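Understanding the architecture of this molecule
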Amino acid sequence: MRITPSFSNCCNPTTRRHFLKAAGIATAGLLSAGPFAQLAYAAALTKAQRDKLTPDEIIAMMKRGNERFRSGKKSTQDFLAQQRASAKGQYPAAVILSCIDSRASAETIMDLGIGDVFNARVAGNIANDDILGSMEFACAAAGAKVALVMGHTACGAIKGAIDDVKLGNLTGLLARIQPAVKATTFEGDRSAKNNAFVDAVARKNVLLTMENIRKGSSVLDELKAKGAIKIVGAMYDIESGKVDFFS
Ligand SMILES: [Zn+2]
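Residues numbered from 1 in each chain as written. Predicted model: local features only at pLDDT ≥ 70, side-chain atom pairs only at ≥ 80, totals over all residues. Heavy atoms only, no water.

Some thoughts on the pairing of strand 3 (residues 146-152)
The buried fraction of strand 3 is high, at seven of seven residues. Of the two faces of strand 3, both are covered, the one formed by V146, L148, M150 and H152 as well as the one formed by A147, V149 and G151. By the bridge criterion, five bridges tie strand 1 (residues 94-98) to strand 3 in an arrangement that is parallel. When the bridges of strand 3 are listed, I96 appears paired with L148. In the sheet, strand 3 pairs with strand 4 (residues 230-236) via seven bridges, with the strands oriented parallel. (Buried < 20%, exposed > 50% of the residue type's maximum accessible area, 1.4 Å probe, protein only. Helix = DSSP H or I, 4+ residues; strand = E, 2+ residues; numbered from the N terminus. Pairing = 2+ DSSP bridges.)

This is the structure we're talking about:
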């Protein structure tokens, strides 16, 4: 896929930021803690810094960010500095597809800052054409190296799909989750009242969404085949605060 000038123009190097440690850059004299690591110069990831990172390093950083969140040791985010530093250009390392649930904000639960990740949110974290287009922009045009599909426990959209709720435009959205309900192998009560079943469907839904991304986007599938990106899944446990990654 050709990278259009307009997209490229969105990405001017401005200031330095975190990722330095993972990128193998000396970290002495750092001013403040950044989202992905406990290191930062000012507040904006440069293209060079982002491009040095491997998908595995980015995944590891998101995991460490979640550890900080869970342990109550979140970075001291300087959002104002991040806003200023990223105003003329952005180099997000990942694109996250997650649910709209108010308790599952990826940036918060993985201790991320402004400019770190793209975040597409839709109830039930399903992938339709518009979501795929957004993810293609993030990876193929803007250079993100990880596509993370993140579901979560006690998801209302999953419960709605299990109960076959009919409500306006929500009906069509829930239809996209129905395959996960049917495909979930589960012994016992297959109702929305059973939390274990709801969470099993949510996990299956993440896996099917990952598959839909690969099948529905030749752009992303080719980037994956080249090793330029990784497509990974995760479940966020709203009780424990843990994000559990899987492939
Ligand atoms: Zn949800």
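After that view, the rundown keeps rolling.
Quick word on the nonpolar core
Grouped together as the largest cluster of nonpolar side chains are 43 residues, with contacts concentrated most on L97, M135, I158, I162, I177 and I213. With seven residues, the top contributor of residues to this core is helix 10 (residues 195-216). Sequence-distant contacts of M135, that is, excluding residues within four places in its chain, are made with V95, L97, A147, I213 and L220. (Core = buried A, V, L, I, M, F, W, Y, C linked by side-chain atoms within 4.5 Å. Contact = heavy atoms within 4.5 Å.)

Considering the pairing of strand 1
Judged by how many residues are buried, strand 1 sits mostly within the fold: five of five residues are covered. Note that strand 1 and strand 2 (residues 117-121) share five bridges and pair parallel. In the strand pairing of strand 2, V95 is matched with F118.

Structural notes on the packing of aromatic side chains
The final tally for this structure, using the stated rule, is two aromatic pairs. Ring plane angle 75 degrees and centroid distance 5.7 Å describe the contact between F118 and F137, whose orientation is recorded as edge-to-face. Placement of F118 in strand 2 and of F137 in helix 6 (residues 129-141) is noted, with a sequence separation of 19 residues between them. Residue F118 is classed as buried on the basis of its relative accessible area, which comes to 14%. (Phe/Tyr/Trp six-rings, centres within 6.5 Å; stacked < 30°, edge-to-face > 60°.)

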